[in-house]
Amino acid sequence: GKTLFEINNGMEAIQVNDINMTTNKDTAWIASKAGIRRVTNYTSTPNWTNALFPNGDGSPYYSIAMHPKNSNIAYAGNVRIYKTIDAGATWKEMFSPEKKYAWLPQMYRFEAIEICPWDPNLIVAGAFYSGNEKGGVFYSTDGGVNWQQQYIDIISGDKDVDVWDLTFNKEAGNTVLYVGVEYNTSSKSIY
């Protein structure tokens, strides 16, 4: 143990939960068990940030979404949704089901965040809630300032379906959101 040296040029022992990259593959954001990371100049001389923790508490992050026209703006999700407008230097909490619905923070997490590519003010987040209760789909039409719930399987309440993934599509001129949910054999609904 007298001499120690790094044998790679990347990150070690990181559990990556989500990634969002620009189409030119130059900039990316990563949500991981060890925080948020950002890389710039990925195709030439990659420059990785140290781990970023929007809440400053070292908690894991499960989802990340980057603004389609400004890679300095990103949304990160763990049990809350945070936003940065300055490439991760500062973060602001944007949404918390813990505060709005009294969800227990140790029981849920945001597994997916998606920003509409043609309307960056439209942000959608999908939550997973452990145990018998379910998560839900939440959306903002004003860049993350205000959030509402979009019901899928229920008509009232706040726990709906567990969400694993989200993607936007344009169909016949309409904005369509596809929601990947947990399969539920007890439900007669098809999602």
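As the structure is a prediction and not an experimental result, all values here were calculated from the model.

About the criteria used
Residues numbered from 1 in each chain as written. Predicted model: local features only at pLDDT ≥ 70, side-chain atom pairs only at ≥ 80, totals over all residues. Heavy atoms only, no water. Core = buried A, V, L, I, M, F, W, Y, C linked by side-chain atoms within 4.5 Å. Buried < 20%, exposed > 50% of the residue type's maximum accessible area, 1.4 Å probe, protein only. Helix = DSSP H or I, 4+ residues; strand = E, 2+ residues; numbered from the N terminus. Contact = heavy atoms within 4.5 Å. Polar contact = N/O pair within 3.5 Å; in protein donor to acceptor, adjacent residues only side chain to side chain. pLDDT = per-residue confidence, 0-100. Salt bridge = Lys/Arg side-chain N within 4 Å of Asp/Glu carboxyl O. Pairing = 2+ DSSP bridges. Axes fitted to C-alpha atoms, helices over the stretch in contact; angles between N-to-C directions. Phe/Tyr/Trp six-rings, centres within 6.5 Å; stacked < 30°, edge-to-face > 60°. Lys NZ or Arg CZ within 6 Å of the ring centre and 35° of its normal.

## Concerning the nonpolar core
Counting 18 residues, the largest nonpolar core has Tyr75, Ile81, Phe110, Ile113, Phe138 and Trp147 as its most contacted members. Broken down by secondary-structure element, the contributors of at least two residues to this core are β8 (92–95), β9 (108–116) and β10 (119–129). Contact partners of Ile81, with chain neighbours within four places excluded, come to Tyr75, Ala76, Lys92, Glu93, Met94, Phe95, Phe110, Ile113, Ala125 and Trp147. Ala31, Leu52, Met66 and Ala74 belong to the second largest nonpolar core, which has eleven residues in total.

## Considering the side chain of Ser59
Locating Ser59 in the fold gives a position in the loop between β4 (47–48) and β5 (63–66). Of note is the side chain of Ser59, whose polar atom sits 2.8 Å from the side chain of Asp57. Among the polar contacts listed, one links the side chain of Ser59 to the side chain of Asn78, at a separation of 2.9 Å. With near-sequence residues (within four places) excluded, Ser59 lies in contact with Phe53 and Asn78.

## A short note on the confidence of the model for the protein
With 90% of its residues at a pLDDT of 70 or more, the protein has an overall mean of 89. When mean pLDDT is compared element by element in the protein, β5 scores highest at 98, while helix α1 (residues 97–101) scores lowest at 91.

## Focus on the pattern of salt bridges
For the structure on display, the rule yields six salt bridges. Between Lys99 and Glu93 there is a salt bridge whose closest N-O contact spans 2.7 Å. Owing to a relative accessible area of 30%, Glu93 belongs among the partly exposed residues under this scheme. In this structure, Lys159 engages Asp158 in a salt bridge whose closest nitrogen and oxygen atoms are separated by 3.2 Å. Each of Arg80, Glu93, Glu98 and Lys99 takes part in a single network of salt bridges with overlapping partners.

## Side note on unusual backbone geometry
Its identity as a non-glycine residue notwithstanding, Asn41 has a phi of 55 degrees, on the positive side. Structurally, Asn41 is set in the loop between β3 (35–40) and β4. Take Asn41: its relative accessible area is 33%, and that puts it in the partly exposed class. The phi dihedral of Ala87 falls on the positive side, at around 60 degrees, and the residue is not glycine.

## So, the sheet that holds β8
The four strands are arranged β5-β6-β7-β8 in an open sheet whose pairing can be described as antiparallel. For this open sheet the edge positions go to β5 and β8, each flanked by a neighbour on one side alone. Neighbouring strand axes in the sheet, compared pairwise and without regard to direction, differ in orientation by 25 degrees on average. Pairing of β5 with strand β6 (residues 74–77) involves four bridges; the strand directions are antiparallel. From the neighbouring strand, Ile64 faces β6, where its bridge partner is Ala76.

## Some details on the environment of Gln149
Tracing the backbone through its elements, the reader meets Gln149 in strand β12 (residues 148–150). C-alpha separation for the pair Gln149 and Gly126, spaced 23 residues apart in sequence, amounts to 9.9 Å. At 3.1 Å, the side chain of Gln149 forms a polar contact with the backbone oxygen of Asp158.

## Brief notes about the sheet that holds strand β1 (residues 16–21)
Paired through their backbone hydrogen bonds, the strands of a sheet run either parallel or antiparallel. In spatial order, the strands read β1-β2-β3-β4; together these four strands make up an open sheet with antiparallel pairing. The open sheet has two edge strands with one neighbour each: β1 and β4. In this sheet, β4 lies alongside β3 in antiparallel orientation, the contact comprising two bridges. The residue bridging Val39 from the neighbouring strand is Trp48, located in β4.

## Quick look at the packing of aromatic side chains
Tallied over the entire structure, the rule returns 14 aromatic pairs. Measuring from ring centre to ring centre gives 5.1 Å for Trp103 and Tyr108, while their planes differ by 80 degrees; the resulting arrangement is edge-to-face. Each member of the pair, Trp103 as well as Tyr108, is classed as buried. In this structure, Arg109 packs its charged tip against the face of Tyr62, placed 5.2 Å from the ring centre. Between Lys159 and the ring centre of Tyr129, over which it is positioned, the NZ or CZ distance is 5.2 Å.

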